[in-house]
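Residues per chain, in single letters:
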Amino acid sequence: MDTIKEDLEMGDAPDRELRLEDVLTQVEQCIAQLEDPQISLEDSFRFYEEGIRKLKICNEKVDQIEKKMLMLNENGELEEF
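Residues numbered from 1 in each chain as written. Predicted model: local features only at pLDDT ≥ 70, side-chain atom pairs only at ≥ 80, totals over all residues. Heavy atoms only, no water.

## A short note on the pattern of salt bridges
Applying the stated criterion to the full structure yields five salt bridges. Here R46 makes a salt bridge to D43, at a shortest N to O gap of 3.3 Å. Residue R46 and its partner D43 are located together in helix α4 (residues 41–68), separated by three residues, close to a single helical turn. A salt bridge links E50 to K54, with the nearest nitrogen and oxygen atoms 3.3 Å apart. Of this pair, E50 and K54 both sit in helix α4, four residues apart, which is roughly one turn of the helix. (Salt bridge = Lys/Arg side-chain N within 4 Å of Asp/Glu carboxyl O. Helix = DSSP H or I, 4+ residues; strand = E, 2+ residues; numbered from the N terminus.)

Shown next, in the form of structure tokens:
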């Protein structure tokens, strides 16, 4: 459990460099911590806040991916949208 807490306490910079799947895994770890009936109220708030922060990073990554996706225009050529 200490390893998960240490991973979740890392700053923004490493999270932004991680793959989307890795950040989603960290969100799942936050959820698992919140589901622990033995968790303190303070830790609950901390994990909730951390999960929300990581979800925002996920949203940014999804936005970046969407912008890089290509779609066919009516001439059959690929273009970014």
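Let's pick the thread back up.
## Observations regarding the packing of helix α3 (residues 20–35) against α4
Running from N to C, α3 and α4 cross one another at 160°; their axes reach a closest spacing of 9 Å. The orientation of α3 with respect to α4, classified from their angle, is roughly antiparallel. Regarding α3 and α4, the two cross each other, and that crossing is left-handed. Mapping the contact onto sequence places L20, V23, L24, Q26, V27, C30, Q33 and L34 in α3 and S44, F47, Y48, E50, G51, K54, L55, I57, C58, K61, V62 and I65 in α4. (Axes fitted to C-alpha atoms, helices over the stretch in contact; angles between N-to-C directions. Parallel < 35°, antiparallel > 145°, perpendicular 65-115°, else oblique. Left-handed = near helix turned anticlockwise from the far one by under 90°. Contact = heavy atoms within 4.5 Å.)

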